[in-house]
Every structure is written in C-alpha cells, then in structure tokens.
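Tertiary structure, described
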Amino acid sequence: DVVTGLIWSHVLLASAKSVLDGGKFLISANAGHSKMAGTNCHKNFFNTSWQNDTVPMAMGEVLNQEGIKSVYIMSPNYAAGKDMAKGVERTFKGEVKGKDFTKWGKDAQLDFSAELAKAKASGAEAIFVFYPGKAGGAFMKQFGQAGLRDTMKLFTVFTVDGISLPKFQAANMTGVLGSLDTMHWNIDFDNDQNKRFVADFKAAHGRNPSFYASQAYDTMFFLDSAVKSVGGKIEDQDALRAALMKAEYPSV
C-alpha cells in the first residue's frame, strides 16, 4: 500500500514513476528532488524531510550573514548535487567564482586535488561543498592536506553531520574546524517528541541519532497518524490521502 524510505535523489527519480503509476503512496524519508515538487509533482507523493534546494538556500543566507563576497562551489554530478548548487546560488548575493561537478556513481571521483587547486586559484574567499557519504571524508582529508583552511572558509551541507563528524574527529581531520553547515533538525530541539526520540535512540544505540534517523522516526508517526485517522481502512485512498495532507502527528 505504501512505499517508504529512499535516501538518494536519483533513486527516487528512477523509482517514483513505478510506485505512483502503480497506484501506491510514496513517502520519502530523505530524498526530495526539486522535480518532485515541480514537473513530477504527484498527489500520492509525500516527504518528511525537504525539497532539496531548501537546505542550501539557508546556507546562501548564512554566507550573506557572514559577509562572504565570493564563493567556489563543488558538488557531485547527479540529481541532488545540481539541486544543492542551485539552492545556494538562489540566495547567495555574492559572486560565484567557479563550479565543479565531479563524477558520481559506483566509481565516484574521490581525488579532488585538481578541483581544490582551481578553487584556490579562483581567489574565492569561501568554498561551498555537498559531498555525502565516503566522498565527504575524502574531501575533508584533502581540504586539510591542501592547506586551504587558512585561506578559504568552508561551508557545507550534508557533509559534516551527525554521522560523519565523529569519524572526522577520530581521524583528527582538522580541516573541518571552523566550518559551518545548515540543517533542518538538530538533537537539541526543545520539544517533547524530539527529547523522547533522542533519549530512546541513545539508550538503544549508545550514540546520538542522525538527521536520517529523525526523518525515519517522523515518517513512522506521520503514516501512523493517517492510518489511525481512517480507522485502518487504508483501501480508501482518498481518505488516506486527506489524512496524510493534514500531517497531524508530533514531529521532532
């Protein structure tokens, strides 16, 4: 009846049509490609995270607040990577000195020496990057090795986060120090649902939860609230959809 999960934007774009054309509901707990809020918008698609552009749009505002006048952009060459670059460009009022979209996929580019050299040569006072997963670790290591921390301010989205930061700390990757990132959620949000979630997660796993976990948690309560609202009669899609649209659940 419902397909949920979905971390990567290109996976969402590749699978959404099959699910939605099949008459099912699709609830993304992470991926939120801009097309799903635009040309591919569908009445049975819901999302408990964001539309990709919004988090980097917030970063563009941070760049403005920090007084940054010029920036160099680096991001993977795939659906979400392009959304992230567009997002920060939409709100940043300064000059973009250059952009690099690096190879992604099974044989993703993990050597950024050429791009970092271009960034340094551009004269930009800051660098904005989106590198999730192992690419983020590779970038942070090379950013530090290149000695750019002393000459370029680092701003990231989905690169320095609850999953990667402990690993960076353990590896003594000092390049991360002083960097700023934007995110829609944090462990210290002062509401009852978030306090319960963080406490239960730490008790179960012995570590802080990531934003991925917070979104999955929200997804469960989101769907549960709608199913209860229709008395479990999920075969009535119009009623279930209306209940989902209300989003009457305690979010973290």
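Everything below is about the structure shown above.
Now for a look at the structure at hand. (Residues numbered from 1 in each chain as written. Predicted model: local features only at pLDDT ≥ 70, side-chain atom pairs only at ≥ 80, totals over all residues. Heavy atoms only, no water.)

**Observations regarding the nonpolar core**
Formed by 51 residues in total, the largest nonpolar core has its most connected members in M74, I127 and F139. Take this core: its biggest share by element is five residues, from helix α5 (residues 134–145). With sequence-adjacent residues up to four places away left out, I127 is seen in contact with V71, Y72, M74, L116, A119, F139, F143, M152, K153, L154 and F155. In this structure, I27, F46, F222 and L244 belong to the second largest nonpolar core, which totals 10 residues. (Core = buried A, V, L, I, M, F, W, Y, C linked by side-chain atoms within 4.5 Å. Buried < 20%, exposed > 50% of the residue type's maximum accessible area, 1.4 Å probe, protein only. Helix = DSSP H or I, 4+ residues; strand = E, 2+ residues; numbered from the N terminus. Contact = heavy atoms within 4.5 Å.)

**Description of the pattern of salt bridges**
Charged atoms that come close allow side chains of opposite charge to pair. For the structure shown, the criterion picks out nine salt bridges. In this structure, E89 engages K99 in a salt bridge whose closest nitrogen and oxygen atoms are separated by 3.2 Å. Of this pair, E89 sits in helix α3 (residues 79–91) while K99 is found in strand β5 (residues 95–102), placing the two residues 10 residues apart along the sequence. Residue classification places K99 among the partly exposed residues on the basis of a relative accessible area of 40%. (Salt bridge = Lys/Arg side-chain N within 4 Å of Asp/Glu carboxyl O.)

**Structural notes on the pairing of strand β4 (residues 70–76)**
The buried fraction of β4 is high, at seven of seven residues. Residues S70, Y72, M74 and P76 line one face of β4 and the alternating positions V71, I73 and S75 line the opposite face, and both faces are buried. Pairing between β4 and β5: seven bridges, direction parallel. Along β5, the bridge assignment pairs I73 with K99. A crossover links β4 with its parallel partner β5, the connecting element being α3, and its sense is right-handed. (Pairing = 2+ DSSP bridges. Right-handed = clockwise from strand over helix to strand, strands pointing away.)

**As for the side chain of S179**
Mapped onto the elements of the fold, S179 is located in the loop between α6 (164–170) and β8 (180–181). Polar side-chain contacts of S179 include one of 2.7 Å to the backbone oxygen of V176. When near neighbours in sequence (up to four residues on either side) are disregarded, S179 contacts L154 and V160. (Polar contact = N/O pair within 3.5 Å; in protein donor to acceptor, adjacent residues only side chain to side chain.)

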